[in-house]
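Residue-level structural notes
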Amino acid sequence: MDQRDQRDQRDQRSTNPFTPGFGLTPIILAGRAGAIEDFTAALKGNVPEARAILISGARGSGKTVLLTEFKELALEAGWTDLRVHTSSSSLVDELRGTAIAQLREQDPDAESSRLTSARVSGTGASREVRQRYEGEQEPLTTVLDRLAALTDQDGGGLLITLDELQSVDRDQLHALTQHVQDLIGSGHAVAFIAAGVRPGVDALLDHERTTFLRRAHRIEVGSVDVGTAAEAIRMTIADTRKSITPEAAVLAGEISQGYPYLIQLIGSKSWQSCGDADTIEIEDVHGGREAVVAAMIKNVHRPALRGLSARKREYLHAMLLDEGPSSVGDIAERMNIDPRNQSTYRERLIEEELIRPAGRGFVEFSLPYLAEALRHEDRAGVGADVEPDRGVQRSHRARRSTRP
Ligand SMILES: Nc1ncnc2c1ncn2[C@@H]1O[C@H](COP(=O)(O)OP(=O)(O)O)[C@@H](O)[C@H]1O
Ligand SMILES: [Mg+2]
């Protein structure tokens, strides 16, 4: 190892190893071993159904991270990735674009040169280079078929991924999955992975033109158990120059309640609180709790509560009177409504992943710190800032201009 590598490694071991941001893959994945094992087997196997996967879960539960992990596994196994975005104006056009770009790279015949005139005495024959995929002539089915055939030959396959599925246009999704089904029907190796939040995805699946997705293998991501969370936090720190005491790791696991986003948040805050010290102690973890709850409210609960109707919000607030699970009878009484109407709200709130059944006739909040988010709404008003930041501070511009 040369000096520079040594320095790089030292820097790496000194920087905060946690990834408390959406779409950022953590160093240690908590609670995904089964899903990864199944997907690895599905890539190798010959059961096409196992390669159509629908990941769902609340914001911050780890959907994008799992989708990315699956994509990386597929790439390592020699598959070709065709990613499409729900934000693009046409999914099928985007698919064509990425497929053609891949073909240009992979198809040995993409560029065929043809001898147009050869003169015996001349120094060079003139050649005409033709780009096979230049024009618009080739139908998408042909393009995909050719690409799939090439990747099949190499023992790979085609992977099509679609994140933020809840915001996709239904007809466009239909057109896209039609192509996927055609490819599978022609015997090609194809995997299709989509991810999205449950309320939107469920609504999409109710539609008749989404049969393909309804049959997909469903993975619901969410909290892992608290012990696994503590272990993930400990292992993340073990790769650095710091360490964490066993009690501190346990407390961090508890504060995270096993929620993937919170595992990263509490880990990151504890690391910061610890400053230059070598060991993260229980006080460092404890000091991070408030900021973690505030971030959860702001980045997960507020977006989910934003569009909630007054009645559903009232339902959630009625649950706040209980320490543990709430009886649905009590909720109806507190809301002053018929128990039958209560069950309509109950069903919708379960679909929206805000509450879950907790034994017969009982419900409870399904996400960590949702009660805190609702109490905060009570105190500060709906949509209020969680933690208006204080103080004034010179920015880097001011610092720069005072430099000699
Ligand atoms: N399996 C996991 N173990 C630990 N942390 C995770 C895991 N999956 C995701 N995270 C972390 O959770 C946060 C949210 O992940 P992301 O995949 O963006 O969620 P989603 O797409 O469901 O909103 C990120 O900070 C990420 O690093
Ligand atoms: Mg995501």
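Being a predicted model, the structure only gives us computed values, none of them experimental. (Residues numbered from 1 in each chain as written. Chains lettered and ligands numbered in written order. Predicted model: local features only at pLDDT ≥ 70, side-chain atom pairs only at ≥ 80, totals over all residues. Heavy atoms only, no water.)

1. Side note on the sheet that holds strand E12 (residues 362-365)
The strands that make up a sheet are held in pairs by hydrogen bonds between backbone atoms, and each pair lies either parallel or antiparallel. Strand order across the open sheet formed by 3 strands is E10-E12-E11, with antiparallel pairing between neighbours. Two strands in the sheet have a free side with no partner beyond their single neighbour: strand E10 (326-327) and strand E11 (355-357). Pairing analysis gives 3 bridges linking E11 to E12, with the strands arranged antiparallel. Counterpart to Ile355 in the pairing with E12 is Phe365. (Pairing = 2+ DSSP bridges. Helix = DSSP H or I, 4+ residues; strand = E, 2+ residues; numbered from the N terminus.)

2. Focus on the confidence of the model for the chain
Looking at the chain, the pLDDT average stands at 88 and 88% of residues meet or exceed 70. Every residue in residues 113-124 is under pLDDT 50, and counting partners more than four places away or in other chains gives 17 contacts. (pLDDT = per-residue confidence, 0-100. Contact = heavy atoms within 4.5 Å.)

3. A few points about the pattern of salt bridges
The tally for this structure, following the rule as stated, stands at 14 salt bridges. Residues Asp202 and Arg198 are paired through a salt bridge, measuring 3.1 Å at the closest nitrogen-oxygen approach. With Asp202 and Arg198 both in helix H7 (residues 198-205) and 4 residues apart, this pair spans about one turn of that helix. In terms of burial, Asp202 and Arg198 fall into one category: buried. It is possible to trace a salt-bridge network through shared partners that takes in Arg198, Asp202, Arg218 and Glu220. (Salt bridge = Lys/Arg side-chain N within 4 Å of Asp/Glu carboxyl O. Buried < 20%, exposed > 50% of the residue type's maximum accessible area, 1.4 Å probe, protein only.)

4. As for the environment of Gly185
Mapped onto the elements, Gly185 comes out in helix H6 (residues 170-185). Sequence-wise, Gly185 and Pro48 are 137 residues apart; in three dimensions their C-alpha atoms are separated by 9.6 Å.

5. Section: the environment of Ile266
With respect to the element layout, Ile266 can be found in helix H11 (residues 260-274). Considering only alpha carbons, one finds Ile266 and Glu290, 24 residues apart in sequence, at a separation of 9.7 Å. Beyond its immediate chain neighbours, meaning those up to four positions away, Ile266 contacts Ile233, Ala252, Ile255, Ser256, Val285, Gly288, Arg289 and Val292.

6. A word on the layout of surface pockets
One number sums up the size of the largest pocket: a volume of about 640 Å³. If you go around the largest pocket, you meet 30 residues; those closest to its centre are Arg356, Phe365, Ser366, Leu367 and Pro368. At the level of elements, E11, E12 and helix H16 (370-380) are the ones that each hand at least two residues to the lining of the largest pocket. Residues that form the lining of the largest pocket fall into these classes: 14 nonpolar, 8 polar and 8 charged. Per-domain counts for the lining of the largest pocket show at least three residues from each of domain 1 (32-106 + 129-220) and domain 3 (307-380). There is about 500 Å³ of room inside the second largest pocket. Forming the boundary of the second largest pocket are 29 residues, of which Gly60, Ser61, Gly62, Lys63 and Val65 lie nearest the centre. (1 Å grid on protein atoms, 1.4 Å probe; cavity = no way out; pocket = protein on both sides within 12 Å on 5 of 7 lines; lining within 4 Å. Points joined across faces, edges and corners; volume = space filled by probe spheres on them. Nonpolar A, V, L, I, M, F, W, Y, C, P; charged D, E, K, R; others polar. Domains from an automatic or database assignment.)

7. Some thoughts on the site of ligand 1
Around ligand 1 sit 22 residues in total, of which Thr19, Gly23, Leu24, Lys63 and Val65 are the nearest. Between an oxygen atom of ligand 1 and a main-chain N or O atom of Gly21, the distance comes to 3.1 Å. Here an oxygen atom of ligand 1 and a side-chain polar atom of Lys63 are 2.7 Å apart. Judged by the proximity of its atoms to the pocket grid, ligand 1 belongs to the second largest pocket. Of the residues belonging to the shell around ligand 1, the class tally is 11 nonpolar, 8 polar and 3 charged. Looking at the shell around ligand 1, you find at least three residues from each of domain 1 (32-106 + 129-220) and domain 2 (243-303). (Near = heavy atom within 4 Å. Polar contact = N/O pair within 3.5 Å; in protein donor to acceptor, adjacent residues only side chain to side chain. Sits in = over half its atoms within 2 Å of the grid points.)

8. As for the pairing of E12
Here E10 runs beside E12; their pairing, made up of 2 bridges, is antiparallel. Bridging from a neighbouring strand, Ser327 pairs with Phe362 of E12. Counting the residues between successive antiparallel strands, the hairpin from E11 to E12 contains 4 residues, one of them, Gly359, with a positive phi of roughly 85°.

9. Here we look at the packing of helix H10 (residues 246-256) against helix H12 (residues 282-306)
For the pair H10 and H12, interaxial distance at closest approach is 8 Å and the crossing angle is 15°. With respect to H12, the axis of H10 lies roughly parallel. As for how H10 packs across H12, the hand of that crossing is right-handed. The residues of H12 that touch H10, namely those facing Glu247, Ala248, Leu251, Ala252 and Ile255, are Ile282, Val285, His286, Arg289 and Val292. Here the residues of the contact of H10 with H12 are counted per class, giving 7 nonpolar, 1 polar and 2 charged. (Axes fitted to C-alpha atoms, helices over the stretch in contact; angles between N-to-C directions. Parallel < 35°, antiparallel > 145°, perpendicular 65-115°, else oblique. Left-handed = near helix turned anticlockwise from the far one by under 90°.)

10. Observations regarding the sheet that holds strand E5 (residues 158-163)
Taken together, the 5 strands give an open sheet; going across it, the order is E2-E5-E6-E1-E7, and neighbouring strands pair in parallel fashion. A single partner strand is all that each edge strand has here, and the edge strands are strand E2 (80-85) and strand E7 (217-220). In this sheet, neighbouring strand axes are inclined to one another by 20° on average, regardless of whether the strands run parallel or antiparallel. One ladder, built from 6 bridges, connects E2 with E5; its direction is parallel. Bridge pairing in E5 links Arg83 to Thr161. Sitting on the sheet, H7 touches strand E1 (52-56), strand E6 (190-196) and E7, and the angle it makes with E7 is about 160°.

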